[in-house]
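# Structure at a glance
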Amino acid sequence: MTTSPGTQVRPFAEAAKHGGRLVPPARYRHPGDVIRVSTAGLVLAGALAVTITTHATYAGADAAAVTALAPPALAGRVLAGVVLAVLVTAAAAAVAVTLRYRRFRLLAGLAGAAVLASAVVIGFIQLAGGQRPRDLVTGAGHWPWLTGGSLAGPALLAAAVAVTVAAAPWLSRPWQRTAWITLWLAAVVWLVTGTASPTEAVVAFAAGITAGAGVLVLFGVPDRRLGPQEIAAALGSAGLPVTSVEPAGVQAKGSRPFVAVAEDGKLLFIKVLGSDQRDADLLYRAYRFIRLREVGDTRPAASLIQAVEHQALAAVMAERAGVAVPAVRQVIKTADGSALLVMDRVDGSSLDLIPAQRLSDTMLRKLWEQVDGLHRARIAHRSLRAANIVADGRGRPWVVDFSFSELGATQRQMALDVAELLASLAAIIGADRAVAGAAAVIGPDRVAAAVPLLQPLALSAGTRRAVGRQDGLLTQTRQTAAAASGRKDTELARLQRVRPRTLLAIAAAAGAYYYLLPQLAKVGNPWQAVQSANWAWVPLVIALSAVTYPASAVALMGAISQRIRLWPTVLAQGASSFINRVSPANVGGMALNARYLQKSGVEPTAGVAAVGVNSLVGAVVHLILIVIFFAWSSRRLGQAFKLPSTSMLLAILAVILAVIGILLATRPGRRFASGTLVPGVRSAAASLSRVARNPGKMTMLVGGSALITLAYIGAFAASVEAFGGGSGFVVLGAVYLGTATVAAAAPTPGGIGAFEAAAIAGLTGVGVASGPAVSAVVLYRLATYWLPVAPGWVCWRVLQRRDYV
C-alpha cells in the first residue's frame, strides 16, 4: 500500500470524514493480495493434504513436545485470559468504529473473513478424525470459561488473523505491527498452554491470511496511490517543476501513465510504478515461468527502483544506437516508495489506432529500420507490438515502453520481437505487407527465425486478441513468412513447459496408483501401512535410488569415445529423471542427454548415437539379468508370472515377423527402413564398435548399466523388507525385472499405473500379503519416482544456468 508524500494512512477513527460519514476512497484490487491468497492457500492445501493422508496423527507429537514447556496452571490461566480479553476488546472496537462511521460493507467483509477462517480450521480438525490429542484436549479443558471448547483456540486465532489482514489497508503501519505482534504472542500462549498444536497454529495463520486476503481481492482496497498533485510535488522537489499533471488517458501495462507540462512548455510523459505494479510483475513472471519455457524471460529486478532504472538504461542505450525513442529526463523515487520515470512525450498516435491506409510502405520500412538498429545493439524490446509504436505527425515511428526490455539480448529474444511485430502488423495491414516489409529490411534469415514463434503462446495478450479477430490470420502470417524466407517447414517451437493433458494423465494415473489399486487389492489405506514400516530400511531405499544417477552418468560417459566431466553428467541424469516425469518412454531424458553431449563438445550425430548405444546396452543388460534371475528363481517365479507355453511363444514370434514383413512390403515401410531405421542401426553399430575397442569405456558402459538395474532391484527388495519381507533377494529381483519390462511398454510417463499393477501382482504371486505388497510398492515409488522430482528440477535449473543444455 502506498501513501501520498507528507500524509499518513490513518486508523479507523482517524479516517477522512465528510458530514459525519466516512468518505470511501476509490478502490482497486492490489496484486499483492492475490500473492498472499496463493501462497497461504498453498500452505493450507499442503496441510490439508497431509491431514487427509495421515488422518488423526497430525498433532500428537507436536502437542506432546509443546506442552512439555507448559507453565503452571495459574500462570496459564492468566496468560490465556489476557489473550482472550485483548482479542475480544479489539473485535468490539472494530465493530464499534465501523458502525459509528457506517462502514457496513467493511464490517461485512471483516465478519465474513472471520467466519470463513474459523470454519476452515474447525473443518481441518474434524477432517483429522475429530479426535484431538489428549494433551490438547486436556490443555483446552483447563479453562472452559476462557476457550469455550477445545476448538476455540485455533478457530479464534484464525478469525483474528483474517480480520487483521482484511483491515490492514485501513490501518497505519504502527497499528498493523501492533496487531501482528499481538497475534504471534497469542499463538505462543496457546501453544505453551496446550490449547493448540503447532500444526493447528500454522493452519490457523494460513486460513486467516487466505480468507482475509480473499476478501480484499473480492472487494478491493482503498486507492491511496500517488495522484496528480503528489506527482507534481515529486517532480518539483526533484528539480523538474511542472505547471500541470493529468492522467494520460492511454493504457499502459505495468505502470500508471500521466502527462505533464513543464514550465518551459515541453510535454512530459510520466510512468508511475508502485508496489501494485511490482506485485503484478511478479505474478506475471511466475505464471509465464510455470507455463512457458524458452521465451526469453529473465529474473525480475531486485527492487522497484532497479526495475525503473533498467527501463531508463535500455531507452538511453537504444537512443545511443540511433533508435527513435523518447528521451529520458529523470528517474525519481518518492517518499512512499513509488518510482517515476520521466520522458519527453511524443506527439502522435500508436499504430493500432491509425487506419491501415495511412500506414505507408515508407513508414513500415522506417519501422523495421528502427527494429534492426535495436537488435544490432543487442537490445530486445520484449513487447514490440503496434500499441508500443508511436507515429508522429511526420510519419516517423518511435519505439516506446521498454518495461520488459533486455540488454545483451539472445537470438531467441530478438526473434520473439520480430514474431510479435509481424503478427501485430498483420492484424492491421495484412500478412503479405507485414512480411514483405520485414524481409526487405532485416533479411530473410531473421524472418525465418521468427517463423516457429508465430504462435499464440509466444505473443502478448493484446496481439493475440488482435489476430484472433480474423480467422486463420496467424497461420497465414506464418506461412507467408516461411515462403518469404525460404523456410520449408513451418513447425512450431515448443514453448509450453507442460501440456495440460500431460498433467491430467499424470493426475489420473496417480489417482489410480493411490486409490484404485488398494481398492482392487482389497487392502486399506496404504499410507497407514507406510507409517508402520520399519524405517531403518527407508534410508537404504533412498540411498540406492540416489546411486542410480552416478551409475547412469558413468554408463553415458562410457558410450562416447571422448572424455566429458563427471559432475555435470550426473546433473544431466538428475535433470533427465525430472524431464521423464512428463514424457513417456524416457524420450525427454534421451533428448536432454543428446543436447548435453552436444553442448559438451560432442558432435551432434555422435551424441545421438551415444545415447542410442547407451539405451541399447541398457536393454541388453536388462535382458541378461532377466535370464539370470528368472533361471535362479524359476520355481517360485512361476507363481507370480504365468509365462505362455513354447508353442504359444513361437506363434507370437511368427505373427510379429509377419507384421514386420507386411510393413516392409509397403512403400512407406521401405522408405522408413531405408531412410531412418537402417542408418540409425548402422550409426549405433559403428558407435558400439568404437566403444568396444576401448576396454575401459566398455567396462563403464556395461558396468554402469548393470549397476543401475541392480540398485533398483536393491531398493525394491529393501522396500519389501521394510514391511516384513518374506521372499529372497533373487525372487524379488526377478519380480522387479519382470515388472520393469511390463512398465516399459506403457504409454504413461515412468510407467505409472502399469508398474504398480504388475509389481503388486508379482509380489502377491510370490507369497507377499496384499497389504504389505501395496505398501512396499508405494514406498518404492515414493523413493525412486516422486522424491527425485524436486532434486531433478534443481539439476535442470543448474544445467540451464551454467549453459550445459
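Structure: see above.
Notes on the structure in this doc start here. The structure displayed is predicted, hence computed values, not measured ones. (Residues numbered from 1 in each chain as written. Predicted model: local features only at pLDDT ≥ 70, side-chain atom pairs only at ≥ 80, totals over all residues. Heavy atoms only, no water.)

## Some words on the overall build of the chain
Helix and strand counts for the chain stand at 32 helices and 14 strands. Each of the 805 residues in the chain was classed as buried or not, and the buried ones make up 47%. Taking the contacts inside the chain whose residues are at least 6 apart along the sequence as the reference set, 76% of them involve residues at least 24 apart. Here the chain displays about 38300 Å² of accessible surface, and carbon together with sulfur accounts for 63% of that area. (Helix = DSSP H or I, 4+ residues; strand = E, 2+ residues; numbered from the N terminus. Buried < 20%, exposed > 50% of the residue type's maximum accessible area, 1.4 Å probe, protein only. Contact = heavy atoms within 4.5 Å. Areas by Shrake-Rupley, 256 points an atom, 1.4 Å probe, with all protein chains shown as cover.)

## Things to note about the pairing of strand E12 (residues 389-392)
Two faces make up the sheet, and in a regular strand the side chains alternate between them. What you see with E12 is no split at all: Ile389 and Ala391 on one side and Val390 and Asp392 on the other are buried throughout. The sheet contact formed by strand E10 (residues 348-350) and E12 spans 3 bridges and is antiparallel. Pairing of Gly348 across the sheet is with Asp392, part of E12. Strand direction decides the pairing type here: E12 and strand E13 (residues 397-399), joined by 3 bridges, are antiparallel. Considered in E13, the bridge of Ile389 is made with Val399. Hairpin remark: E12 followed by E13, antiparallel, with 4 residues in the connecting loop; positive phi at Gly395, about 80°. (Pairing = 2+ DSSP bridges.)

## Here we look at the packing of aromatic side chains
Counting across every chain of the model gives 10 aromatic pairs. Seen from their ring centres, Trp184 and Phe205 are 4.3 Å apart, and the 15° between their planes marks the pair as stacked. Note that Trp184 is positioned in helix H8 (residues 173-192) and Phe205 in helix H9 (residues 198-219), a separation of 21 residues in sequence. Relative to Tyr780, the ring of Phe716 lies with its centre 5.5 Å away and its plane at 85°, an arrangement referred to as edge-to-face. Of this pair, Phe716 sits in helix H28 (residues 695-721) while Tyr780 sits in helix H31 (residues 770-786), and the two are 64 residues apart along the sequence. Like Tyr780, Phe716 is buried. Each member of the aromatic cluster is reached from another via a ring pair, and the members are Tyr712, Phe716, Tyr736, Phe755 and Tyr780. The side chain of Arg225 reaches across the aromatic face of Tyr28, ending 4.0 Å from its centre. (Phe/Tyr/Trp six-rings, centres within 6.5 Å; stacked < 30°, edge-to-face > 60°. Lys NZ or Arg CZ within 6 Å of the ring centre and 35° of its normal.)

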